Number of protein chains: 2
Amino acid sequence: MQTLAWTELPSIKVFNTLGRKLETFTPFKPGLVRMYVCGPTVYDYTHLGHARTYVAFDAIKRYFRLRGFNVIHVQNITDIDDKIINRARSEGKDWREIVDIYTKDYFEMLEKLKIKVDIHPRVTEHINEIIEFIQELIDKGYAYVAPSGSVYFEVDKYPDYGSLSGLKNPEEWRQEVEVLKEKKKPYDFALWKAWKPGEPYWEAPWGRGRPGWHIECSVMSSKYLGRQFEIHGGGQDLIFPHHENERAQSEALFGVKPWVKYWLHTGYLTVHGEKMSKSLGNIIPLREAVKKWGAETLRLWLLSAHYRTQLDYSEDALEQARANLRRLRMAVEDLRKIIGSVTPPAKLTDREVKVITTVEKTYMEFHNAMSNDFNTAKALAAIMELVRIVNRDIVPGEMYVAAVRAYRVFEDFNYVFGVLDDVLYGVVKLEHEKMVEDLVNLIVRVRGELRKRKLYDIADEIRAELRRLGIQLYDYPGGKTVWRLERT
Amino acid sequence: MQTLAWTELPSIKVFNTLGRKLETFTPFKPGLVRMYVCGPTVYDYTHLGHARTYVAFDAIKRYFRLRGFNVIHVQNITDIDDKIINRARSEGKDWREIVDIYTKDYFEMLEKLKIKVDIHPRVTEHINEIIEFIQELIDKGYAYVAPSGSVYFEVDKYPDYGSLSGLKNPEEWRQEVEVLKEKKKPYDFALWKAWKPGEPYWEAPWGRGRPGWHIECSVMSSKYLGRQFEIHGGGQDLIFPHHENERAQSEALFGVKPWVKYWLHTGYLTVHGEKMSKSLGNIIPLREAVKKWGAETLRLWLLSAHYRTQLDYSEDALEQARANLRRLRMAVEDLRKIIGSVTPPAKLTDREVKVITTVEKTYMEFHNAMSNDFNTAKALAAIMELVRIVNRDIVPGEMYVAAVRAYRVFEDFNYVFGVLDDVLYGVVKLEHEKMVEDLVNLIVRVRGELRKRKLYDIADEIRAELRRLGIQLYDYPGGKTVWRLERT
């Protein structure tokens, strides 16, 4: 007999934007992953680009959980910002109304995509903490108040500036050019923006105004995860200036290094090869995509590329994902039948041992891919190979062990990809229950019609058959019939 | 604000029967757990005592998987043995018939209890490997052929004999006394039993016969798990002589030490304070218990004590488990409603932070208990405390984060205990699927009858209604109708 060899799981490696290399994942405390992901600025509907980032980090979190880590996932909501104010102005609405509409959309979309975030902190609920943080930066000499009442972070005081983005030349750092004049250096960035008429504001020791963009993430991450944590994530467009600035102000104030151990960034999402943008009119709202393709197909497609690479939307790609999903489902259903219907054969044949060996190989390939910076593309390829093994090699009624092991691989796959809950766990979509109800109602209506036409033999037969299925009919005078499902 | 502190998960400790102390679990290869559990001798129905052991090791396996280990679980079936032969004789049946009846019962019971074993090797399918193993023991001088044709292991050749059971005095080793005369020492044990008329036999180089009891586990574990593996489990009545003998012959032949790294044994199950036994007539067949209490209540009760302690069956204890299950279910349903129906409140209040802190405490208590030699009793206590927190402290519409974290704890709990699949995942029991199928079949039959009677209006109405429900009918010549549920 060929020998069955069982293998250990690989340790997890992540590509750290800081340093731009693959590193073995070593958390500050064993078994604990604290992860902060930059969420939306709620001034418009969630689109496919957002979904890409959210699903990527959801899969990363799920994989850590699969590997036994305790994961805390914080994803913030930026609910005060120029874009929100501008949108409110252009629509003649209160900015809070804008925030409410798109926050609701965001939460609905997360639920559709089966993403559970632990904590969703919002900027406007943390103004006090932001003011305290800025005050401390001023007190320690890292920030200064400008004549306008705005407060800026003095980049020159933080020598490691530029390391995260790799932009080490100050010439490349120009940001917030519109307030150039009152800044000491063109690359200093705003911690607090002085109030302008018609804008929302909060009172601060240095005058009324509102927080700059970057400060919120430093404040809220430390509040909920502590002053050092394992993972900071977001879209790659956030590396500079957003994450560079977050890092500067946090390491300056906290005096810790590293503030964040691993920086992970998702690649761009394009549509038919082009960047999504308002001017091109090719922004795909997530709600429409979910309606068109379903959450599972979308998740499978979003995870069909490694999170750091560019991902292109096309009907073909989605059709491909849909076809893959169908194949995955069918394979799992076949396995359920094999496992559920037969007593395990007495003998493990050499033929089955060979099949088990190939099944275990896909299992290891899945974990190797996921452990190698969460390469969902390669992981999916391993699982599609498993589908082929199920279809081609696992003989029903003969190969029980191979089926059990293959099923286990699909369970792990689904734990991360989240696309097979229904076939694996028989999740009752409401349709299922409703289907039973609709079918019984239909039969009862047909039976009513038959009784009207005095076809009592068929009507009675129907009653008897339904009783056999655990459904009781109660006929009332006037032709009304009520039915009840006897619970077992 | 009170600070949220996230903690690492504890490392896993197991109580090793070998050495009788708690040890930090360190597998041979990181992340891999190979586990061999002694399964049934299939000569009678599975009873509650078996269920206790099977569910205990199922929970252990599930906990290892929750903590990210790759687990291979082998549980053997002893399908040739004195007890089987005697039962066949007393019932006037072929021994294979006895084996078939009780093997079927065993598999059905495992399925009911939601236990998935990877490999179920049977002794009679491994006779060749057993003969080879014995021959090697003879060749290496660890075993001898007696005049009868039986083969015995010479215990004196294995100096560490008695270490597992703690019985170091040869006076305590007397075993298989009925064949005392032909053994070199009274404590030598049979590897091969020479044939007696009327018994099943296989041909071996030293004559026809059948394997002794202990040899099978050494042979089959090494075949499927390798010559060293992490965990060997079984009921505590197996420590001596069964496991002691397994260990002697395996370490002697393989020349490895330790053959098995950790030995785990389950405590006894009593019924109303008394040992289960035929003479007392208090053996409770698992099938009856499952029918009476349901698999979930049974699992919860079986895991309500630490696996090494004695567990007593009583109606009160089971009623208690049933009540606990009800409370667990209600808590999870409440959480689902809280999480599903509200947008997370904008602010994490101090009150909620306090609640989150208590939720996290139960999470850590759960993991501390499970990590401390799989103490399911303490783990359950932590979860019942979580139920109280859900009922008493988590305010619907106000505390979203606390609800999400609590839900996550119930997920982990269920991953190990396996009693909340239905409320957590809305698992369709097969009845659901079958119900749809049965109902559609009934409607199709009724429609066939109506068409025969030329009542085409109702028949067509039925077809239209079914199509509306996503069910397509295909009528074939000769009156045959096939239906298909359109997948959405």
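Rules behind the numbers
Residues numbered from 1 in each chain as written. Chains lettered and ligands numbered in written order. Predicted model: local features only at pLDDT ≥ 70, side-chain atom pairs only at ≥ 80, totals over all residues. Domains from an automatic or database assignment. Pairing = 2+ DSSP bridges. Helix = DSSP H or I, 4+ residues; strand = E, 2+ residues; numbered from the N terminus. Contact = placed C-beta atoms within 7 Å. Nonpolar A, V, L, I, M, F, W, Y, C, P; charged D, E, K, R; others polar. Buried ≥ 20, exposed ≤ 12 C-beta atoms within 10 Å, placed from the backbone. Core = buried A, V, L, I, M, F, W, Y, C linked by C-beta atoms within 7 Å. Axes fitted to C-alpha atoms, helices over the stretch in contact; angles between N-to-C directions. Expected span 1.5 Å × (residues − 1). Parallel < 35°, antiparallel > 145°, perpendicular 65-115°, else oblique. Left-handed = near helix turned anticlockwise from the far one by under 90°.

Moving on to the domain arrangement of chain A. It is common to give the size of an interface as the accessible area lost on bringing the parts into contact. Taken as a whole, chain A is organised into domain 1 (15-302), domain 2 (314-425) and domain 3 (430-485). Between the C-alpha centres of domain 1 of chain A and domain 3 of chain A there is a distance of 58 Å.

A word on the sheet that holds strand β12 (residues 274-275) of chain B. All names here are of chain B. Ordered by their spatial adjacency, three strands build an open sheet running β12-β11-β13, and the pairing between neighbours is mixed. The sheet terminates laterally at β12 and β13 (311-313), the two strands that pair on one side only. Both strand β11 (residues 269-271) and β12 contribute to a ladder of two bridges, which runs antiparallel. The residue of β12 that forms the bridge with T270 is K275.

All right, on to the interface of chain A and chain B then. At the interface, 53 residues of chain A touch 53 residues of chain B. Elements with a contribution of two residues or more to the side of chain A that touches chain B: β3 (32-37), β4 (70-75), α3 (95-112), α12 (400-417), α13 (421-425), α14 (430-452) and α15 (456-468) of chain A. A per-element tally of the side of chain A that touches chain B places α14 of chain A first, with 10 residues. Split into classes, the residues belonging to the side of chain A that touches chain B amount to 28 nonpolar, 10 polar and 15 charged.

The next subject is unusual backbone geometry. Following F240 of chain A, the chain continues to P241 of chain A via a peptide bond in cis, the omega torsion being 0°. Assignment of secondary structure puts P241 of chain A in helix α6 (residues 239-254). Although it is not a glycine, F374 of chain B adopts a positive phi angle of roughly 55°. With respect to the helices and strands, the residue F374 of chain B is situated in the loop between α10 (350-371) and α11 (376-392). A tally of 27 C-beta atoms within 10 Å means that F374 of chain B is categorised as buried.

In this section: the pairing of strand β15 (residues 481-485) of chain B. Residue and element names in this part refer to chain B. The sheet contact formed by strand β14 (residues 471-475) and β15 spans five bridges and is antiparallel. Bridging from a neighbouring strand, I471 pairs with L485 of β15. From the end of β14 to the start of β15, which pair antiparallel, there are five residues, and G478 there has a positive phi angle of about 95°.

Turning our eyes to something else, we now look at the nonpolar core. Among soluble globular proteins, nonpolar side chains are generally buried collectively. Counting residues in hydrophobic clusters, the biggest one holds 266 residues, and the most contacted among them are I134, L191 and A406 of chain A together with I134, L191 and A406 of chain B. I458 of chain A together with I443, V446 and L450 of chain B belong to the second-largest nonpolar core, a separate cluster that totals 28 residues.

All names here are of chain B. The strand order β4-β3-β9-β10 describes an open sheet built from four strands, whose pairing is parallel. Looking at strand neighbours, the two that pair on one side only are β4 (70-75) and β10 (260-266), the edges of this open sheet. For this sheet the average axis-to-axis angle between neighbouring strands, irrespective of direction, equals 20°. Here six bridges tie strand β9 (residues 229-235) to β10, and the two strands are oriented parallel to one another. By the bridge assignment for β10, G235 is matched with T266.

All right, on to α12 of chain A then. Residues and elements named next belong to chain A. When the terminal C-alpha atoms of α12 are compared, their 25 Å separation across 18 residues agrees well with the 26 Å that a helix rising 1.5 Å per residue should span. Most of α12 sits out of view: 14 of its 18 residues are buried. Backbone geometry just downstream of α12 places G418 in the positive-phi region, at approximately 65°.

Bringing the environment of P258 of chain B into the picture now. Residues and elements named next belong to chain B. Counting through the fold element by element, P258 comes out in the loop between α6 (239-254) and β10. Since 17 C-beta atoms lie within 10 Å of it, P258 is described here as partly exposed. Sequence-wise, P258 and L386 are 128 residues apart; in three dimensions their C-alpha atoms are separated by 41 Å.

On to the packing of helix α10 (residues 350-371) of chain A against helix α11 (residues 376-392) of chain A. Residue and element names in this part refer to chain A. Running from N to C, α10 and α11 cross one another at 165°; their axes reach a closest spacing of 7 Å. As far as their axial angle goes, α11 and α10 are roughly antiparallel. Crossing of α10 against α11: the hand is left-handed. When α10 is examined against α11, the residues V355, T358, V359, T362, E365, F366, A369 and M370 are found in contact with a partner set consisting of K378, A379, A382, I383, E385, L386 and I389. For the contact of α10 with α11, the residue count by class is 10 nonpolar, two polar and three charged.

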